[in-house]
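# Remarks on the overall topology
Listed here are the chains, written in short residue letters.
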Amino acid sequence: MPSSWGIFVIAWLYQKIFIAIVPDGGSYDVRVVTLKQKKLLSKESRHFEGSTAYEDMAGYLRKRLDISPLHYIAILNPGMNQGALSGCSLHDIAEDLNGAKTLCRNQKWLLYTSILELETLKKQYSTLGLDFVFSPFSIIENFFRDKIGTGFALYALAQKDSFSVAFFDDGKLEYAHHYPMHQHEGAGIEQEGNVIGFTVGVEEDEVVERGISLDDIENLDDLDIIDELDNLSDIEDLDALEDIDEFSDDQPTIEEKRLVLPRSDEIKQEMEGFNDDFARFEFIQKTLSRFYASEQCNDRFVETVYIADAYGSGVELKRYLEEELFLNVLIRRIDMGDEVISLAMSEEEEL
Amino acid sequence: MKHSFITPSPKRLISGELRLVLFFFIVTIMMLVGTYLFLEYKTYDFIDEREEVVQQEKSLKHSITQMEEEIKTIEKEVKIAEQITTDNTVMKESIRNLFDLVPDDITLDRAELESSSLILYGTTPNKDTYEYRLHAPLRSIFHRTYTSFYPIENGWYRFVSSNYLDDETMTQGEEIK
């Protein structure tokens, strides 16, 4: 007992350093928060990119780590093979059967990630030593904690190189999917998920159609919410969506514009933003199709989409979703560093 | 863990350098505490010893006082003894002188020798014998001499000779002594 009191006193004297690493492609966003007795002493942010980004970041962090032994390095899981599932039945057997690490949340739903990717990640950061690895769905749960308990809605976390979508109903996750962005660009949206034979208890239908196939939605007539769609008198047919400039045959598409307009950096960036927004729109569209076709749907219909925007360009996505899918869209700017730090601090308090 | 897929590595709050510093710090503290306790003990022991010495000193002083008193008493007794010895010697000498003074013709029946007087009772064949052979030396010694004669049956005389020394003479005699 005296030794534990001694350690408690020593720990009380030390500063606590929380470090959040948010991998962003080949670059890293780093947030360093220093606390002493729960008082904020400093908060620093750095961005590292280039061929020596990791070495630069490691050098920068080592100086911070030397300040106090009570440091916690948290990272947002950049793995492709991760996601979340409804129910916790697979919690105990997933690791043995599918090589997945799982976390059960409130005995209602679970987070999973590939053990192989997790070990690779730990090995990659072995010089620094990772303390926490968080799922993007934990970020969604934490960031929208004021919303997810209020009803059924779709929640998304938009990062530069990934997009995470989850359906929550009164705080319980119903369905989720994690989409790596770059893989989408290179290989097409059909290939995301289930890489190298990695599955965790879900058999997702490979729905490749773009747009929602309403035929796949069973008992659609029973949905009361469809009545509300009838009130949208301006829309007689989904074909009317072609009136929207971006999808009209008369108007050049963004890609066409890219070929015509001069390529300054700003225009290039803007075009990338359009492309990313459209890709994210497709992810949401695809996820909705999958959800409506799945058993988890239970005749529920998504009205509202909450998007945590970490990359700073969600205007086009909002417009796509509102005009194409008639969804209420609420976009909230998210600071990933702060959210990862917040989760790390809550985890540290549990220790 | 609620959100994290991994658990944090255990934090070593006490590094090797800090452990070394703490070790020396603790050893130093222990030595200081040890020295302090030793000095406290020695101080307590010294105070205790000092009290004992003070008690011993008081006891010795008391003994010395008693012994001084005893010495004084003994000295007084020695003086008294010396005085008695001297007095006895003087008296012995006086008695011898007295008997040397008495001639063979005169017989002493009793003699009372005091410090300043001599009373002799005896028998003399005649008054002249007494007058010339005893009374003359007595008169040279004593200041005042009174003699009474009583005739007895055989024609001799009993006499009582009272001889006194005056105080002045005694004082001078004492001063001479």
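No experiment lies behind these values; they were computed from the predicted model shown.

Moving on, we get to the overall build of chain B. When helices and strands are tallied, chain B shows 3 helices and 4 strands. Listing the helices and strands of chain B from first to last along the sequence gives α-β-β-α-β-β-α. Counting only residues that meet the buried cut, chain B has 6% of its 177 residues in that class. Pairs at least 24 residues apart make up 43% of the contacts formed inside chain B by residues separated by at least 6 positions.

Turning to the overall build of chain A, a few remarks are in order. For chain A, the helix and strand inventory stands at 11 helices and 13 strands. Expressed as a percentage of the 351 residues in chain A, the buried residues total 36%. A separation of at least 24 residues holds for 63% of the contacts in chain A among residues at least 6 apart in sequence.

So, about the sheet that holds strand β13 (residues 328-333) of chain A. All names here are of chain A. Pairing in this open sheet of 5 strands is mixed, and the strands run β11-β10-β9-β12-β13 from one edge to the other. Strands at the two margins of the open sheet, each flanked by one partner only, are β11 (172-180) and β13. Ignoring which end each strand starts from, the neighbouring axes of this sheet average 15 degrees apart. Strand direction decides the pairing type here: strand β9 (residues 152-158) and strand β12 (residues 304-309), joined by 5 bridges, are parallel. Each residue of the ladder has a partner; that of Leu 157, found in β12, is Ala 308. Its contacts with the sheet place helix α5 (residues 136-143) against β9, β10 (162-169), β11 and β12, and it is angled at close to 50 degrees to β10.

Another point: the confidence of the model for chain A. Residue and element names in this part refer to chain A. Averaged over all residues, the pLDDT of chain A equals 76, while 69% of them reach at least 70. Least confident of the elements in chain A is helix α7 (residues 225-230), whose mean pLDDT is 45; most confident is strand β8 (residues 132-134), at 93. Predicted confidence is poor over residues 184-199, with pLDDT under 50, and the contacts of this stretch with residues over four places away or in other chains come to 21 contacts. Across residues 201-249, where pLDDT falls below 50, the model places 48 contacts with residues more than four positions away in sequence or in other chains.

Attention now moves to the interface of chain B and chain A. At the junction of the two partners, chain B supplies 13 residues and chain A supplies 24 residues. Class assignment for the residues of the side of chain B that touches chain A results in 6 nonpolar, 4 polar and 3 charged.

In this structure, Ile 19, Ala 74, Tyr 155, Ala 156, Ala 166 and Val 340 of chain A are the most contacted members of the largest nonpolar core, which totals 75 residues. Among all residues touching Ala 166 of chain A, those that are not within four sequence positions of it are Ala 84, Phe 137, Ile 140, Tyr 155, Leu 173 and Ala 176 of chain A.

Two faces, one strand: in a regular strand the side chains alternate between the faces of the sheet. In terms of burial, β9 of chain A is largely enclosed, as 6 of its 7 residues are buried. Between β9 of chain A and β10 of chain A, which pair antiparallel one after the other, the connecting turn spans 3 residues.

Moving on, we get to the sheet that holds strand β6 (residues 100-105) of chain A. Residue and element names in this part refer to chain A. Taken together, the 3 strands give an open sheet; going across it, the order is β5-β7-β6, and neighbouring strands pair in antiparallel fashion. Because the sheet does not close on itself, it has two edges, and the strands there are β5 (82-86) and β6. When strand polarity is set aside, the average angle formed by the axes of neighbouring strands in this sheet is 20 degrees. In the sheet, β6 pairs with strand β7 (residues 109-114) via 6 bridges, with the strands oriented antiparallel.

Next up on the list: helix α11 (residues 336-350) of chain A. Residue and element names in this part refer to chain A. In this model α11 runs 21 Å from its N-terminal to its C-terminal C-alpha over 15 residues, within 8% of the 21 Å that 1.5 Å per residue would give. Taken residue by residue, α11 has Met 336, Gly 337, Glu 339, Val 340, Ile 341, Leu 343, Ala 344 and Glu 347 as its buried positions. On its buried side, α11 packs onto β1 (16-24), β2 (27-36), β3 (39-48), β4 (71-76), β8 and α5.

Moving on: the pairing of β3 of chain A. With 1 of 10 residues buried, β3 of chain A is to be regarded as a mostly surface element. Count of turn residues in the β2 of chain A/β3 of chain A antiparallel hairpin: 2 residues, of which Gln 37 of chain A carries a positive phi of about 50 degrees.

Another point: α5 of chain A. With 7 of its 8 residues buried, α5 of chain A lies for the most part within the structure. Those residues of α5 of chain A lying buried are Pro 136, Phe 137, Ser 138, Ile 139, Ile 140, Glu 141 and Phe 143 of chain A.

This part takes up unusual backbone geometry. For Lys 38 of chain A, which is not a glycine, the phi torsion comes out positive at approximately 65 degrees. You can see Lys 38 of chain A is positioned in the loop between β2 and β3.

Cut-offs applied
Sequence order sets the numbering: in each chain, residues are counted from 1 along the sequence as written. Here chains are named by letter from A upward and ligands by number from 1 upward, in the order in which they appear as written. Where local features are concerned, this predicted model is filtered to residues with pLDDT of at least 70; where side-chain atom pairs are given and counted, the filter is 80 or more; whole-chain, interface and lining totals use all residues. A run of H or I in DSSP becomes a helix once it reaches four residues, and a run of E becomes a strand once it reaches two; helices and strands are each numbered from the N terminus. We call a residue exposed when 12 or fewer other C-beta atoms sit within 10 Å of its C-beta, buried when the count reaches 20 or more, and partly exposed for counts in between; the C-beta positions come from the backbone. With C-beta atoms placed from the backbone, a contact is any residue pair whose C-beta atoms sit within 7 Å. By the convention used here, strands pair only if DSSP detects at least 2 bridges between them. Under this scheme, a helix contributes an axis fitted over its contacting stretch, all axes are lines through C-alpha atoms, and angles between N-to-C directions fall in the 0 to 180 degree range. Each residue carries a pLDDT score, the predictor's confidence in it, ranging from 0 to 100. Classification used: nonpolar for Ala, Val, Leu, Ile, Met, Phe, Trp, Tyr, Cys and Pro, charged for Asp, Glu, Lys and Arg, polar for all others including Gly. As used throughout, a nonpolar core is a set of buried Ala, Val, Leu, Ile, Met, Phe, Trp, Tyr and Cys residues joined through C-beta atoms within 7 Å of each other. How far a helix is expected to stretch is found by multiplying one less than its residue total by 1.5 Å.

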